[in-house]
Amino acid sequence: MKVNGIKSLRAKLVWYAILSMAATFFTITTVVTGVLYYRSKVPGSNIYYPPGGEAGVAVGQNGIYLFTGRFALDISLIFIFALILFSIFFLMISYDTIQYVKEIIIGIERMKNGDMETGIRVAGEDELAVIANSINEMRTQIASENETKRLAEQTKDELITNVAHDLRTPLTSIIGYLDLVKREDFLTPAQQKKYIGIVYDKAKSLETLIKDLFDYTRYDKDKMKIHRNYLNLNQFMEQLIDEFYPSFSEKGLICKKEISKEEICIFGDGELLARAIGNLISNAIKYGADGKLVEIYTETRNDQAVVRIVNYGRIIPKEDIDKIFDKFYRVESSRSLKTGGTGLGLAIAKNIVGLHDGTISAQSDTDGTIFQIVLPLAKEKESKKEE
Ligand code: ATP
Ligand code: MG
């Protein structure tokens, strides 16, 4: 919000002063004219009675006295009178502005006491309006930061409750089965093997959970360390897809690779990027199993490297699409179907891509769910150095 010179507070104050001066001048002139008229018209009214002296027609320098019989004293009186009048007029004319300043102060006090609900009225276009507007913007920002903090606290609490629950469930069965194996001598080797297999699976799921918890802090944007290298994106993707081959076949999914013919070079951290893109692939496998097909593309577009992962089947609702990159956010359907994990995968991927100065986006409709990562291509000099 910019302040126009004519509408500025300074211009307003000058204008108030001019108006007050005009009103003062008009009042003084009227009073002086009135007194002079009275003195000249009413017989005997121009007789001056000096204290302790003789009464006589007072003729001052102006021909006739006004109040005291002495010109200098009269002028001083008029000046004091004018000053008082000017102050009164100025306060009257600037009443609205002063009230507005008070309103702003009350608004600030209100916010200081924690009430972020109500803003300050923005009136006019002067500096005060700019202040009110800035305070309102600050209020919105603080309110949204408070809300983010509250949500973060809430999700953290939920996470702790969920994790505690998720840790306890497998642990209880691990203890139960181990107890059985330890105590019961009559178990056949086949039964023992079966129970140990269950214990192993449960322990594995515990390991995944604990790893997720570590990831929560490890892949925080502000804490992550990046070690860049020159990477051939196409080779990198081929390798990554191969690692997921068992998971694709386990879910009966076909993976269609559309790897670019031209070489794509990026300058990034292979380990981190494998984690980010791996998260997208494992999501496509996890949530796109019904779609039977996962497509993975690499290409260059507008001097940037693009990786696209498409799966079919379950659609991410419109209202969730912007939130899925938030920490611990999971679409309701994946919670109820118990297919998802902790809701960290995409948040981690977003942090990693952000650290590479890239972008990540998602789109989901009946044509499929598309996750796209755009990364800057390596510059010549970058390919020679290592960070
Ligand atoms: P984690 O990855 O931490 O094990 P998660 O898979 O639930 O857990 P994200 O990877 O962050 O968490 O995904 C967030 C949510 O977005 C998922 O719960 C799921 O509902 C939805 N989602 C993510 N990828 C896809 C996809 N390819 N198709 C459909 N839904 C998806
Ligand atoms: Mg995931």
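How each quantity is defined
- Residues numbered from 1 in each chain as written.
- Chains lettered and ligands numbered in written order.
- Predicted model: local features only at pLDDT ≥ 70, side-chain atom pairs only at ≥ 80, totals over all residues.
- Heavy atoms only, no water.
- Helix = DSSP H or I, 4+ residues; strand = E, 2+ residues; numbered from the N terminus.
- Buried < 20%, exposed > 50% of the residue type's maximum accessible area, 1.4 Å probe, protein only.
- Pairing = 2+ DSSP bridges.
- Patch = residues over 30% accessible without salt bridge, like charges linked within 9 Å, V, L, I, M, F, W, Y side chains within 5 Å.
- Areas by Shrake-Rupley, 256 points an atom, 1.4 Å probe, with all protein chains shown as cover.
- Salt bridge = Lys/Arg side-chain N within 4 Å of Asp/Glu carboxyl O.

Caption draft 1: Quick look at unusual backbone geometry. Of note in the backbone geometry, D303 takes a positive phi value of approximately 60 degrees without being a glycine. In this fold, D303 is placed in the loop between strand 6 (293-301) and strand 7 (304-311). You can call D303 exposed: its relative accessible area is 66%. Here D357, not a glycine, exhibits a phi torsion of approximately 60 degrees, which is positive. Note that D357 resides in the loop between helix 11 (345-355) and strand 8 (359-365).

Caption draft 2: Main features of the pairing of strand 5 (residues 265-268). The two faces of strand 5 match: C265 and F267 on one face and I266 and G268 on the other face are all buried. As paired strands, strand 3 (residues 229-232) and strand 5 are joined by four bridges and run antiparallel to one another. Pairing of N229 across the sheet is with G268, part of strand 5.

Caption draft 3: Looking closely at a nonpolar patch on the surface. Taken together, the side chains of V14, W15, I18, L19, M21, F79, I80, L83, I84, I88, M92 and I93 make up a nonpolar region of the molecular surface, amounting to roughly 1200 Å² of accessible area. Within the residue set of the nonpolar patch, elements represented by two or more residues are helix 1 (9-41) and helix 2 (71-93). With seven residues, the top contributor of residues to the nonpolar patch is helix 2. Within the fold, I88 resides in helix 2. Residue class for I88 comes out partly exposed when judged on its relative accessible area of 43%.

Caption draft 4: Structural detail: the pairing of strand 9 (residues 368-376). Along strand 9, seven of the nine residues are buried, which leaves the element largely enclosed by surrounding structure. Strand direction decides the pairing type here: strand 7 and strand 9, joined by eight bridges, are antiparallel. The residue of strand 9 that forms the bridge with Q304 is P376. Looking at chain direction, strand 8 and strand 9 are connected through seven bridges and run antiparallel. If you follow D365 over to strand 9, its bridge partner there is G368.

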